[in-house]
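Per-entry structural report
What follows is each chain in one-letter form.
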2 protein chains.
Amino acid sequence: MSFYLIVREMKKLLHSLDGCLDKATAHAAAKKYDAEVLLQSRLAPDMLPLVFQIQTACDSAKYAASRVTGKDAPSHPDTEKTIADVRKRIASTTDYLDTYKAADFDGIEGRTVSLPRWEGKSMAAADYLIEQAMPNFFFHVTTSYAILRHNGVDIGKRDYLGPINYR
Amino acid sequence: MSFYLIVREMKKLLHSLDGCLDKATAHAAAKKYDAEVLLQSRLAPDMLPLVFQIQTACDSAKYAASRVTGKDAPSHPDTEKTIADVRKRIASTTDYLDTYKAADFDGIEGRTVSLPRWEGKSMAAADYLIEQAMPNFFFHVTTSYAILRHNGVDIGKRDYLGPINYR
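Now for a quick tour of the structure.

Our next topic: the pattern of salt bridges. Residue and element names in this part refer to chain A. Tallied over the entire structure, the rule returns 27 salt bridges over all chains. Where Lys62 meets Asp59, a salt bridge forms, and the shortest distance between an N and an O atom there is 3.4 Å. Residue Lys62 and its partner Asp59 are located together in helix 2 (residues 50–69), separated by 3 residues, close to a single helical turn. You can call Lys62 buried: its relative accessible area is 1%. For Asp59, a relative accessible area of 14% puts it in the buried group.

Turning our attention to the environment of Ser66 of chain A. Residues and elements named next belong to chain A. Structurally, Ser66 is set in helix 2. Separated by 30 residues in sequence, Ser66 and Tyr96 have C-alpha atoms that sit 9.6 Å apart. For Ser66, the contacting residues outside a window of four places in its chain are Lys71, Asp72, Ala73, Tyr96 and Tyr100.

Attention now goes to the relation of the copies chain B and chain A. By a simple turn and slide, chain B fits onto chain A: the slide is 0.0 Å along the axis, the RMSD is 0.0 Å, and the turn is 180 degrees. Taken together, the turn and the small shift mark the pair as related by a two-fold rotation axis. When the interface residues of chain B are mapped onto chain A, 100% of them again lie at the interface, so the same face is used by both copies.

At the junction of the two partners, chain B supplies 43 residues and chain A supplies 43 residues. When the two sides are added together, the surface that chain B and chain A hide from each other amounts to roughly 4,300 Å², 59% of it contributed by carbon and sulfur. The tally of links from chain B across to chain A stands at 7 salt bridges. Arg149 of chain B is paired through a salt bridge with Asp46 of chain A; the nearest N and O atoms lie 2.8 Å apart. Inspection of the region where chain B meets chain A yields 20 residue pairs in polar contact (both at pLDDT 80 or more). For the side of chain B that touches chain A, the secondary structure elements donating two or more residues are helix 1 (4–31), strand 2 (123–124), helix 4 (125–150) and helix 5 (157–161) of chain B. Residue contributions to the side of chain B that touches chain A peak at 16 residues, all from helix 4 of chain B. Partitioning the side of chain B that touches chain A into residue classes produces 23 nonpolar, 9 polar and 11 charged.

Positive phi is not limited to glycine here, since Lys32 of chain A has a value of about 60 degrees. Along the chain, Lys32 of chain A turns up in the loop between helix 1 (4–31) and helix 2.

All names here are of chain A. Along the chain, Arg158 turns up in helix 5 (residues 157–161). For Arg158, a relative accessible area of 76% puts it in the exposed group. Here the alpha-carbon distance between Arg158 and Ser16, two residues 142 residues apart in the chain, equals 8.8 Å.

On to the packing of helix 2 (residues 50–69) of chain B against helix 4 of chain B. All names here are of chain B. At their nearest, the axes of helix 2 and helix 4 sit 8 Å apart, and the two run at 155 degrees to each other. By the criterion of interaxial angle, the relationship of helix 2 to helix 4 is roughly antiparallel. Judged by the sense of rotation from one axis to the other, the crossing of helix 2 with helix 4 is left-handed. On the side of helix 2, the interface is formed by Leu50, Phe52, Gln53, Ile54, Thr56, Ala57, Ser60, Ala61, Tyr63, Ala64, Arg67 and Val68, while helix 4 contributes Ala125, Tyr128, Leu129, Ala133, Asn136, Phe137, His140, Val141, Thr143, Ser144, Ile147 and Leu148. Taken together, the residues that form the contact of helix 2 with helix 4 break down as 16 nonpolar, 7 polar and 1 charged.

Think of an α-helix as turning once every 3.6 residues; residues three or four places apart then point the same way. All names here are of chain A. Compared with the 38 Å implied by 1.5 Å per residue over 26 residues, the 36 Å span of helix 4 (residues 125–150) between its first and last C-alpha is a close match. Approximately 30 degrees is the largest bend angle found in helix 4, and it occurs at Ala133, with the proline Pro135 only one to four residues beyond. A large share of helix 4 lies buried, amounting to 25 of its 26 residues. Two residues or fewer after helix 4 comes Gly152, characterised by a positive phi angle close to 90 degrees.

Before going further, it helps to examine helix 3 (residues 83–97) of chain A. Residues and elements named next belong to chain A. Between its first and last C-alpha atoms helix 3 spans 21 Å; for 15 residues at 1.5 Å apiece the expected length is 21 Å, and the two agree. Along helix 3, the residues that are buried comprise Ile83, Val86, Arg89, Ile90, Thr93, Thr94, Tyr96 and Leu97. Projected down its long axis, helix 3 shows its buried positions confined to an angular sector of 160 degrees, all on one face. Structural note: helix 3 exposes Lys88 and Asp95 on the side pointing more than 90 degrees away from its buried face.

In this section: the side chain of Ser60 of chain A. Examined against the element boundaries, Ser60 of chain A turns out to sit in helix 2. Residue contacts for Ser60 of chain A: discarding those within four places in its chain leaves Ala133, Asn136 and Phe137 of chain A.

About the thresholds
- Residues numbered from 1 in each chain as written.
- Chains lettered and ligands numbered in written order.
- Predicted model: local features only at pLDDT ≥ 70, side-chain atom pairs only at ≥ 80, totals over all residues.
- Heavy atoms only, no water.
- Salt bridge = Lys/Arg side-chain N within 4 Å of Asp/Glu carboxyl O.
- Helix = DSSP H or I, 4+ residues; strand = E, 2+ residues; numbered from the N terminus.
- Buried < 20%, exposed > 50% of the residue type's maximum accessible area, 1.4 Å probe, protein only.
- Contact = heavy atoms within 4.5 Å.
- Least-squares fit on C-alpha atoms with pLDDT ≥ 70 in both.
- Buried area = accessible area lost by both parts, 1.4 Å probe.
- Polar contact = N/O pair within 3.5 Å; in protein donor to acceptor, adjacent residues only side chain to side chain.
- Nonpolar A, V, L, I, M, F, W, Y, C, P; charged D, E, K, R; others polar.
- Axes fitted to C-alpha atoms, helices over the stretch in contact; angles between N-to-C directions.
- Parallel < 35°, antiparallel > 145°, perpendicular 65-115°, else oblique.
- Left-handed = near helix turned anticlockwise from the far one by under 90°.
- Expected span 1.5 Å × (residues − 1).
- Bend = angle between axes of the 7 residues up to and from the residue.
- Arc of directions from axis to C-beta.

Structure follows, in structure tokens:
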């Protein structure tokens, strides 16, 4: 298997998340509330709000590709204020992920990832993908979904999973 | 890469989920409420409750191993009523996953998965793992976490991610 399959699935779920935000905008219009309220919503007072969940989901996917393969990634300074902004952030991320193919992940078993905040520690690139980027990505996508669901947006698990590749 | 790495990570996150339930029990004792109330909690009235989220997370992991490799899986009839019950369900699932090793996933690219409810359709085993079992697993684990978090249980993302394999 190529590790690329995980990144491809992340790209798919970011498209799903964009679809959930489209439904959120429709929900706000139907109920006559300001859709941007959702971006500051959370499930607990000490939880980070939806805008952060989406930014972090995007970054988890971006870094799953760039840090694991050693390629450059576009900068995203987390300045999004509106649903239109976060949808652009998602589009920018999926456009970036579109530049990857399976062969980019060949030989990552020999690579390591190190971040300044790890203070000299490093991780095998494969461990970084499997133990950090992957669970973080799904955590923040699902938390985004949960915040929208909790606020009454009409989404179900199919909106999360997206189309399934049956034969 | 071996697909086994995904199943290994699922096993780790099931242990994390068990730890979150331990904290939930402690929270209930400190606040003097019946911990079993949590198992029927949800984030929206038309969402399935925590007990279902945990059962489904366990099954997603079990089937990520068994259906993908073509091996037998233990039966779990979803009869859990208490936190002690769901913790046993988690333990039974991780015990089962402990019987797998990377070599069990060799050659799954040639396999297919088919379920009665798919009405004759099938999936490549690798697609089943990546597009169904993996996103479903993380969805239900994170939703379980979110329900506990929403109800005030003292958990953070480290309780979800578990120990990280730094060098």
